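In case you want the letters, here they are:
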Amino acid sequence: MAELQRGRIDAAWDLFLDRYRRLIFAAIRHYAQDYDDVMDVFARVCESLREADLKRLRTFIAQPTHTARFSTWLVTVVRNLTIDWFRHRDGRRRLSTVAAELPPLRRRIFEHVFLHKRSHVEAYELMRSADCVGLSFGQFLVEVSATYRAVGDGRRGRILRELGGPAPPIPDTDDASDTVSERREELEDALSALSPEERVAVELYVVEEMPAESVAKVVGWPNAKAVYNHVYRALAAMRTRLSTLDGAGRPTSGKT
Amino acid sequence: MTDSDLDRLRGYFHTGEIPVATPHCLEAETVAALAEGTLDAEARARALKHVATCLHCRGAVASVTAALADGPITHEIDVVEGRRRRGRPVLRVAVPLAAAATVLLLLWSPTNDTPGMHRGVGTQNRDVVPVPVGPIGAVANVHSLTWTRVIGSDRYRVTLFDARGGVLYEREVNDTTAALPDSVRLIPGQPYLWKVHARTGWDRWSASELVEFTIARGPPQ
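Residues numbered from 1 in each chain as written. Chains lettered and ligands numbered in written order. Predicted model: local features only at pLDDT ≥ 70, side-chain atom pairs only at ≥ 80, totals over all residues.

Peer 1: What exactly am I supposed to notice about helix α3 (residues 35-62) of chain A here?
Peer 2: An α-helical turn contains 3.6 residues, so any two residues separated by three or four positions project in the same direction. Residue and element names in this part refer to chain A. Helix length check: α3, at 28 residues, gives a terminal C-alpha distance of 35 Å against a target of 40 Å (1.5 Å per residue), a shortfall beyond 12%. By the largest-angle criterion, A52 marks the main kink of α3, which is about 105°. Among the residues of α3, D37, V41, F42, V45, L49 and L57 are the ones counted as buried. (Helix = DSSP H or I, 4+ residues; strand = E, 2+ residues; numbered from the N terminus. Expected span 1.5 Å × (residues − 1). Bend = angle between axes of the 7 residues up to and from the residue. Buried ≥ 20, exposed ≤ 12 C-beta atoms within 10 Å, placed from the backbone.)

Peer 1: It is not clear to me how the packing of α3 of chain A against helix α4 (residues 70-88) of chain A should be interpreted in this structure. Could you clarify?
Peer 2: Packed helix pairs are characterised by how far apart their axes lie and by the angle those axes make with each other. Residues and elements named next belong to chain A. Between α3 and α4, the shortest axis-to-axis distance is 10 Å and the interhelical angle comes to 130°. It follows that α3 is oblique to α4 by the angle criterion. For the crossing formed where α3 meets α4, the hand is right-handed. Contacts between α3 and α4 pair V41, R44, V45, S48, R56 and F60 from the former with F70, W73, V77, V78, L81, T82 and W85 from the latter. The class makeup of the residues in the contact of α3 with α4 is nine nonpolar, two polar and two charged. (Axes fitted to C-alpha atoms, helices over the stretch in contact; angles between N-to-C directions. Parallel < 35°, antiparallel > 145°, perpendicular 65-115°, else oblique. Left-handed = near helix turned anticlockwise from the far one by under 90°. Contact = placed C-beta atoms within 7 Å. Nonpolar A, V, L, I, M, F, W, Y, C, P; charged D, E, K, R; others polar.)

Peer 1: Hey, could you run me through the confidence of the model for chain A in this one?
Peer 2: Residues and elements named next belong to chain A. Averaged over all residues, the pLDDT of chain A is 80; the fraction at 70 or higher stands at 77%. Across chain A, element-level confidence peaks in helix α12 (residues 212-219) with a mean pLDDT of 95 and bottoms out in helix α5 (residues 91-99) with 65. Segment residues 246-256 is flagged for pLDDT under 50; beyond a separation of four residues in sequence, or across chains, it makes 15 contacts in the model. (pLDDT = per-residue confidence, 0-100.)

Peer 1: Explanation requested: the pairing of strand β9 (residues 211-215) of chain B in the structure shown.
Peer 2: Every other side chain in a regular strand lies on the same face of the sheet, so the side chains alternate between the two faces. Residue and element names in this part refer to chain B. Of all five residues in β9, four are buried, a share of seventy percent or more. Of the strand pairs in this sheet, strand β2 (residues 137-139) and β9 are connected by three bridges, and their pairing is parallel. Across the sheet, A138 pairs through a bridge with T214, a residue of β9. Sheet analysis places strand β7 (residues 191-201) next to β9, joined by four bridges and oriented antiparallel. The residue bridging W194 from the neighbouring strand is V211, located in β9. (Pairing = 2+ DSSP bridges.)

Structure below.
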């Protein structure tokens, strides 16, 4: 810090790297396991942090007050840079090697969802028209779920989960894609009735599968028990609300 | 609610959409503060309002929270924040003991039997080992440790011990000076020792001799 304030950029960088190198590596290794990937991402992190005479570090330090510790901020920055590196640079080529180990149908799903960042519905429509895949949407979702599990279990699992989002559960019905879309709209309606804290808690606990203690910390509730209470109450309210709507999202009572 | 109920709900939530950052997305510091639970109530309410409808930020908060619970990351954060020292448990005990033994041997050795004198600096080969320049002997104040450059060396590791061999400060630097941080409080009249290693190849280090200094006591008030 003192070196930065004196304008001794190189000295400040040396001191920074000396102190935080191991933390940076630990954060990168949380997402990337292959040695080459780790070293390439480390180079990218250093390049980014050194840009414009350590602009990122200077900006953080220049703030009069801080809401997070420097080390947590650094982990967040390294996380963002790691994900970006996998999304935009050599990572795409390396991720493609994962697809080579999959059966043809799942390989196509992997390419659509993980590499080309298409939604499941988009991927389904594309594969049905271009690849002449004769699956129902429900059967397709079973394959999607299996693809997530196959790539998420490997050494690159964590970064792939970051790129593709949480794995969908295997659907227990053979829904058509339009029915699924309608359900999501209904769900969005039900979610919008919750307070932001409740909604975030439900999403972090149910979708992201975060531990209740961690959810409590994020939303500012006292403990895990408060999360269970709020989330299960919110889910019950949502279920009631969803059950009062028909498939098209209209109220089931009072219809004319 | 059973696990299968939760699974079904999870299925409804899962859109398969890949989240994209927008200009309204949270700054890294806000994501970090949410994950560690240090935002004040007002700022947290503002941030959660955004996270409630932003897949990108929700994923980032979940991801950073998971990273902060990861053992190696937790360990390194503890180390940089001074709650834990680097090294394995055995080394944490063995290294100070070994350092203490080394210091005692050197302090009591026949070559060091002249009080107030440090061993000859000029006896070392300056090209292959670093030579401590200062502080040495009795000094008025100490803000940094300085040594000579070793040709071909790109890294130096300097270690400061107290008289019992406890490591007070250790740092790796590229330069031939290491500034002592304010957290290292040196007491006037107490003897301290330090040495520096120069990296001369892959995992090869050459060590200076151990030198002693003392901060002179000020005149009595």
